[in-house]
Amino acid sequence: MQRVETPLYDAAQIRQGETQLFAHHDSFAIMQRAAEALLTVINECFPLAKHLTDNVDENAAENITENRAENRGTYRVVLGCGNNAGDGLVLAARLKQQGQAVICYTVFDQPRSQSLPPFTGDAAQAYQMAQDSGVPIVPVAKWQSQPTDVIIDAIFGIGLDRPPTGDAQWAIRAINQANAAAVVAVDVPSGLRCDTGQAYTDVADEAGDIDSIDSIEGADLNAVQADMTVTFIGDKIGLHTADGKGLSGQVVVATLGAVLPANLAEATVVRYHCVYHRVYHCGADERRRQQQLNQSGQSRQSGQSGQSRRFSSGNQHKGDFGHVLTIGGGQGMFGGAALAAVSALKVGAGKSSLYAHPDYQSQFHLDGTPLYEVMRCHDLHAIDASICFNAICLGPGLGRDDWGWAQFKTVTERLTTNQRLLIDADGLYHLANSDNHSANRLENAIAVITPHEGEAARLLQITVAAVRQDKPAIVKQLAQTYRCIAVLKGAGTLISDGNSVWINESGNVNLATAGTGDVLAGVISGLLAQGYTPLDAALQGVYRHGLAADDYCAEKKRHSVNKAGGKTLRASDLWSYF
Ligand SMILES: NC(=O)C1=CN([C@@H]2O[C@H](COP(=O)(O)OP(=O)(O)OC[C@H]3O[C@@H](n4cnc5c(N)ncnc54)[C@H](OP(=O)(O)O)[C@@H]3O)[C@@H](O)[C@H]2O)[C@@H](O)CC1
Ligand SMILES: [K+]
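Residues numbered from 1 in each chain as written. Chains lettered and ligands numbered in written order. Predicted model: local features only at pLDDT ≥ 70, side-chain atom pairs only at ≥ 80, totals over all residues. Heavy atoms only, no water.

Peer 1: Pulling in residues and values, what's your account of the coordination of the potassium ion (ligand 2)?
Peer 2: Note on metal sites: the ideal angle is 109.5 degrees for four tetrahedral donors, and 90 or 180 degrees for six octahedral donors. Protein ligation of the potassium ion (ligand 2) involves Asn84 (OD1), Asp153 (O), Phe156 (O), Val186 (O) and Val188 (O), the donor distances falling in the range 2.6 to 3.0 Å. Sequence spacing among the residues donating to the potassium ion (ligand 2) works out to N-x68-D-x2-F-x29-V-x1-V. Highlighted residues: Asp153 in strand β5 (residues 148-154) and Val186 in strand β6 (residues 180-186), separated in sequence by 33 residues. No difference in accessibility class separates Asp153 from Val186, as the two residues are buried. (Donors = N, O, S within 2.8 Å, 3.2 Å for Na, K, Ca; no water. Helix = DSSP H or I, 4+ residues; strand = E, 2+ residues; numbered from the N terminus. Buried < 20%, exposed > 50% of the residue type's maximum accessible area, 1.4 Å probe, protein only.)

Structure (structure tokens):
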């Protein structure tokens, strides 16, 4: 499988790109290029309204009908006070020149002196251009809820540095509630922090305790929900993770002629997706090499592209594909461990064993169905995990009680060098509560940890709100602190080896369902057992897990961003799509 990576940048790096551009080009010409890129995308993607609802006031409907009869669209451009607004103003002028019905709304007060333009620099020139083209420019107080083809959000771009308040906040809400066929964000959806993907909210951002997601769940986002974002100079981190993944819609990059560093090592964060070759063939030499690696317990060197050690000569034994031991399933919590153990098999592990609470030792069942394919492990002390198992998956449904803690201790105290280990769920709870000894032992193991935001907060002894403030930095910190590969789960899941950060492209809101994390733990463990490096196992596991959810949605004809909020996926549904 080949991994395709594209660099993502933060605002400071984008500003460097701007500086390079301005050394050779007039800055207003660059703004015009930005507007031209917006115009092209809007004309191609949203050629007149398609989805106006019936629920509109009559006058507005007449206007729309009139415009439609003349083959004209209606466009509303909402302006802030900086160059993001400048882009919007030039776009408005160009739309007007094309004969479209366009109106601009300003969210900031007009200057006290009417002789001064409300904008400065390039945005002032853009304002003049829009006025000369006859574009009406009115305060946002005149906003009426009437249907529109396209709303263009040009309030804030990379210059946003504090929560939107007053008219800006009001305008963001108005855009989100508007009856528009599409909302196009200029550069960045307003209210979204482009470096981290965290949106401002209507409640204090510092709210939230360690491990408590609920305390800040449900806050209204104070940011524009876009269908499409046309972003300039280079692609931005915040458009692909955390709140940004859902708020940005489809992202289109217009470089405007800027050349940012192509060397991925220079970019702090990359976005990736994987290209699949469904059948892996390899010759005798490769098989021999894989056997040697197996025997020595060494990991395969990772590269830009990771190839599976699986091969399809048709002459392999199930032992050739790795054996996973899942340790979990405390009292009343068997389901998570079972999901993980089966998932390891679904991604190609040869064998899967499960060590669970004695309550479950007689027979393994999931939803009433016996798990024939999962073997029982009876005594953790009696095994030498490094010999019997190629990977250990520690934590799904383990429980936070004494039994769970005892199993955690048994495993971590017996970790041998190069033991392949994934820690998830309650395993992470115990890791956070154990002394540094356990973290140090992870250094010797080939380890992957898979926390969600709450677990990450606990592992770093900070609040969930602090995790959300900068997830790219947090995932790196997790990898460095625990000396392993860290996977920070959520929209736009992040993976880090302590140096670089990857953002996964696959997956959708349906994955926010009980048990999907257990499936991911099993998937990554299954790949670890097959000989993937921990980084490849994490990257490919997260990608394949997301892709399975995307395939599920495509098949059920349910879209990944479901504005109605309906979620129908059950964790075990993913198995059919691996
Ligand atoms: N330069 C280029 O090459 C190109 C630039 N381009 C475009 O320019 C955009 C960047 O423009 P920008 O720097 O003027 O910042 P922008 O995002 O418009 O914000 C304006 C000002 O708002 C203010 N402010 C911030 N937060 C606030 C808040 N919550 N509430 C109220 N005010 C707030 C803050 O000013 P302050 O009030 O702090 O003085 C800030 O400076 C970029 O995203 C792209 O679209 C493209 O044309 C491509 C070429
Ligand atoms: K914007």
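Peer 1: Residue-level account of the UniProt feature "binding site: AMP" (unreviewed entry) in the protein chain, with values.
Peer 2: UniProt records the feature "binding site: AMP" (unreviewed entry) at Lys489, Gly490, Ala491, Gly492, Thr493 and Gly517, using the numbering of this structure. Judged by maximum C-alpha separation, these annotated positions cover 29 residues in sequence but sit close together in space, the widest gap being only 14.2 Å. Mapped onto the secondary structure, Ala491 falls in the loop between β18 (485-488) and β19 (494-496). Excluding residues within four positions of it along the chain, Ala491 makes contact with Thr241, Ala242 and Lys245. With respect to the helices, strands and loops of the structure, Thr493 is situated in the loop between β18 and β19. Judged by its relative accessible area of 11%, Thr493 is buried. Those residues within four positions of Thr493 in sequence are excluded, and the remaining contacts are Val487, Leu488, Trp502, Ile503, Asn504 and Val542. (UniProt positions renumbered as here; feature names shortened; annotations may be inferred. Contact = heavy atoms within 4.5 Å.)

Peer 1: I'd like to hear about the environment of Val487, residue by residue, with values.
Peer 2: Here Val487 shows up in strand β18. Sequence separation between Val487 and Leu539 is 52 residues, and the spatial gap between their C-alpha atoms is 8.6 Å. In contact with Val487, not counting residues within four places along its chain, are Val448, Ile449, Thr450, Pro451, Thr493, Leu494, Ile495, Ile524, Ala538 and Val542.

Peer 1: So what's going on with the layout of surface pockets? Residues and values would help.
Peer 2: Gaps left between atoms show up when a probe the size of a water molecule is rolled over them. Counted as a void, the second largest pocket has a volume near 730 Å³. Around the second largest pocket, the lining is made up of 34 residues, and of these Gly82, Asn83, Asn84, Gly157 and Gly159 lie nearest the centre. At the level of secondary structure, the elements contributing two or more residues to the lining of the second largest pocket comprise α1 (11-24), α2 (27-45), α4 (83-97) and α6 (166-177). In terms of residue class, the lining of the second largest pocket is built from 18 nonpolar, 8 polar and 8 charged. (1 Å grid on protein atoms, 1.4 Å probe; cavity = no way out; pocket = protein on both sides within 12 Å on 5 of 7 lines; lining within 4 Å. Points joined across faces, edges and corners; volume = space filled by probe spheres on them. Nonpolar A, V, L, I, M, F, W, Y, C, P; charged D, E, K, R; others polar.)

Peer 1: Summarise the site of ligand 1; cite the residues concerned and give the values.
Peer 2: The environment of ligand 1 is formed by 22 residues, the closest being Phe22, Asp87, Gly157, Arg162 and Asp187. Between ligand 1 and Glu18 there is a distance of 3.1 Å, counted from a nitrogen atom to a side-chain nitrogen or oxygen. Between an oxygen atom of ligand 1 and a side-chain N or O atom of Asn84, the distance comes to 2.8 Å. Comparing atom positions with the cavity grids shows ligand 1 to sit within the second largest pocket. Sorting the residues of the shell around ligand 1 by element identifies α1, α2 and α4 as the ones contributing at least two each. Classifying every residue of the shell around ligand 1 by side-chain character gives 11 nonpolar, 5 polar and 6 charged. (Near = heavy atom within 4 Å. Polar contact = N/O pair within 3.5 Å; in protein donor to acceptor, adjacent residues only side chain to side chain. Sits in = over half its atoms within 2 Å of the grid points.)

Peer 1: Requested: an account of the nonpolar core, with residues and values cited.
Peer 2: In terms of nonpolar packing, the biggest core is built from 57 residues, with Ile152 and Phe232 touching the most fellow members. With residues near it in sequence (within four places) discarded, Ile152 still touches Ile42, Tyr75, Arg76, Val77, Val78, Leu91, Leu95, Val184 and Val186. Grouped together as the second largest cluster of nonpolar side chains are 55 residues, Tyr272, Ala341, Tyr532 and Leu535 included. (Core = buried A, V, L, I, M, F, W, Y, C linked by side-chain atoms within 4.5 Å.)

Peer 1: How would you sum up the side chain of Ser506? Please name residues and give values.
Peer 2: Of note, Ser506 is situated in the loop between β20 (501-504) and α17 (516-529). Given a relative accessible area of 9%, Ser506 falls into the buried group. A distance of 3.0 Å separates polar atoms of two side chains, one belonging to Ser506 and the other to Asn504. Engagement of the side chain of Ser506 in a polar contact is seen with the backbone oxygen of Tyr543, the distance being 2.8 Å. The contact partners of Ser506, leaving out residues within four places of it in the chain, are Lys245, Val542, Tyr543, Gly546, Leu547 and Asp550.

Peer 1: Requested: an account of the packing of helix α12 (residues 425-433) against helix α14 (residues 453-460), with residues and values cited.
Peer 2: Two elements in contact, α12 and α14, have axes separated by 8 Å at closest approach and are oriented at 15°. Classified by the angle between their axes, α12 and α14 sit roughly parallel to one another. As for how α12 packs across α14, the hand of that crossing is left-handed. Contact residues: α12 offers Ala425, Leu428, Tyr429, Leu431, Ala432 and Asn433, while α14 offers Glu455, Arg458 and Leu459. Considered class by class, the residues forming the contact of α12 with α14 number 6 nonpolar, 1 polar and 2 charged. (Axes fitted to C-alpha atoms, helices over the stretch in contact; angles between N-to-C directions. Parallel < 35°, antiparallel > 145°, perpendicular 65-115°, else oblique. Left-handed = near helix turned anticlockwise from the far one by under 90°.)

Peer 1: I'd like a description of α1, backed by residues and values.
Peer 2: For an α-helix, 3.6 residues make a turn, and residues three or four places apart therefore share a direction. Taking 1.5 Å per residue, 14 residues should reach 20 Å; α1 reaches 21 Å between its end C-alpha atoms and fits that length. Taken as a whole, α1 has its buried residues at Ala11, Gln13, Ile14, Gly17, Glu18 and Leu21. The arc that holds the buried residues of α1, viewed along the axis, is 160°, so those residues lie on one side. Looking at α1, the residues exposed on the side facing more than 90 degrees away from the buried face are Gln16, Thr19 and Ala23. In this fold, the buried residues of α1 make contact with β1 (2-8), α2 and β7 (228-232). (Expected span 1.5 Å × (residues − 1). Arc of directions from axis to C-beta.)

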